[in-house]
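Breakdown of the fold
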Amino acid sequence: GQNIDQPTEMTATEGAIVQINCTYQTSGFNGLFWYQQHAGEAPTFLSYNVLDGLEEKGRFSSFLSRSKGYSYLLLKELQMKDSASYLCAVSSNDYKLSFGAGTTVTVRA
Amino acid sequence: IAGITQAPTSQILAAGRRMTLRCTQDMRHNAMYWYRQDLGLGLRLIHYSNTAGTTGKGEVPDGYSVSRANTDDFPLTLASAVPSQTSVYFCASSDGAGGSDTQYFGPGTRLTVL
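In this text the structure is predicted, and so the values were computed from the model without any measurement.

1. Some details on the interface of chain B and chain A
Between chain B and chain A, the residue contacts involve 21 residues of the former and 17 residues of the latter. Summed over both sides, the interface between chain B and chain A buries roughly 1400 Å², with carbon and sulfur atoms accounting for 61% of that surface. The largest per-residue losses of area from chain B upon contact with chain A belong to B:Leu43, B:Gly99 and B:Phe105, which jointly make up 32% of the total buried on that side. Here chain B and chain A share 0 salt bridges between them. Here chain B and chain A share 2 residue pairs in polar contact (both at pLDDT 80 or more) between them. Those elements giving two or more residues to the side of chain B that touches chain A turn out to be strand S4 (31-38) and strand S5 (42-49) of chain B. With 4 residues, S5(B) is the single largest residue contributor to the side of chain B that touches chain A.

What follows is the structure, given as structure tokens:
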């Protein structure tokens, strides 16, 4: 089976930076996705990485190292609206997504 | 653009009853998926369809069935509900079924089986 690990919870202060790590062991690799999910809502797409390196999108950046089976999502200049769960998902050999359990980020004033 | 709609929003169901969760997308996406989300376990794939007329089993298919008669609709049926099927169910779709195709999620159905 697939194994995707990420921390359960993180807390940070408004305006700060938070880094959410994700490690994975999967049958093959066809890319890694990050989704944001606010409480009671649907997951929404944040980023996709398939090559090693950093992808930047405004306040959010995502990094991938395929050799280490590792990714992180970096949230900069945190805002209260960033309080949500962040889901790491890997596309493996069968092109289906396997999700981690999610990291709940709480932003405090 | 509605994207993906799901019905009902929530449902309380007696064990043993049959239930169909509806999912419709208007993006003309080829692939559709059903997931369940349980606390501490993340999203788990139940069934999928790479294109109209085809379906496949995901990680947790037992007790569920699907059909894909056309591009837009992908209903999920619980033939005889059990309490362990209490969960939040999300339908998703993607343009293709490849590894780089982004999946877009519906608003979810919260199902409670008593």
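2. Focus: the packing of aromatic side chains
One pass over the full model with this rule turns up 17 aromatic pairs over all chains. Arranged with centres 5.6 Å apart and planes meeting at 85°, the rings of A:Phe99 and B:Tyr35 form a pair that is edge-to-face. With A:Phe99 in strand S10 (residues 97-99) and B:Tyr35 in strand S4, the pair connects residues from two separate chains. Residues A:Phe99 and B:Phe105 carry aromatic rings whose centres are separated by 6.2 Å and whose planes lie at 80° to one another, so their mutual orientation is edge-to-face. Placement of A:Phe99 in strand S10 and of B:Phe105 in strand S10 (residues 104-105) is noted, with the two residues assigned to different chains. Across the pair, B:Phe105 and A:Phe99 agree in class, each one buried.

3. A closer look at the sheet that holds strand S1 (residues 3-5) of chain A
All names here are of chain A. Taken together, 5 strands build an open sheet; the order of strands is S1-S3-S8-S7-S6 and the sheet is antiparallel. A single partner strand is all that each edge strand has here, and the edge strands are S1 and strand S6 (53-57). The average angle at which neighbouring strand axes cross in this sheet is 15°, direction not considered. Pairing analysis gives 3 bridges linking S1 to strand S3 (residues 18-25), with the strands arranged antiparallel. Directly across from Asp5, in S3, lies its bridge partner Thr23.

Rules of the game
Every residue gets a number counted from 1 within its own chain, in the order that chain's sequence is written. Following the order in which they are written, the chains are lettered starting with A and the ligands numbered starting with 1. Where local features are concerned, this predicted model is filtered to residues with pLDDT of at least 70; where side-chain atom pairs are given and counted, the filter is 80 or more; whole-chain, interface and lining totals use all residues. Side-chain numbers here rest on the full set of heavy atoms in the structure, without hydrogens or water. Here, residues are in contact when the closest pair of their heavy atoms is within 4.5 Å. Note on definitions: buried area is the accessible-area loss of two parts on being combined, 1.4 Å probe, summed for both. Each reported salt bridge corresponds to a side-chain nitrogen of Lys or Arg within 4 Å of a carboxyl oxygen of Asp or Glu. The term polar contact refers here to a pair of N or O atoms within 3.5 Å; inside protein, the definition further demands a hydrogen-donor-capable atom paired with an acceptor-capable atom, and it admits residues adjacent in sequence only when both atoms are side-chain atoms. Numbering of helices and strands runs from the N terminus, with a helix taken as a DSSP run of H or I at least four residues long and a strand as a DSSP run of E at least two residues long. Stacked, edge-to-face and tilted are the three classes for Phe, Tyr and Trp ring pairs, Trp counted by its six-membered ring, which pair at centre distances within 6.5 Å; planes under 30 degrees apart are stacked, over 60 edge-to-face, the rest tilted. The buried label applies to any residue whose accessible area, calculated with a 1.4 Å probe on protein chains only, is under 20% of its type's maximum; exposed applies above 50%, and partly exposed to all values in between. A pair of strands counts as paired when DSSP detects no fewer than two bridges linking them. As a rule, the C-alpha atoms of each element are fitted with a line to give its axis, helices using only the stretch in contact, and angles between N-to-C directions run from 0 to 180 degrees.

Don't take any of this as a statement about function, it's just geometry.
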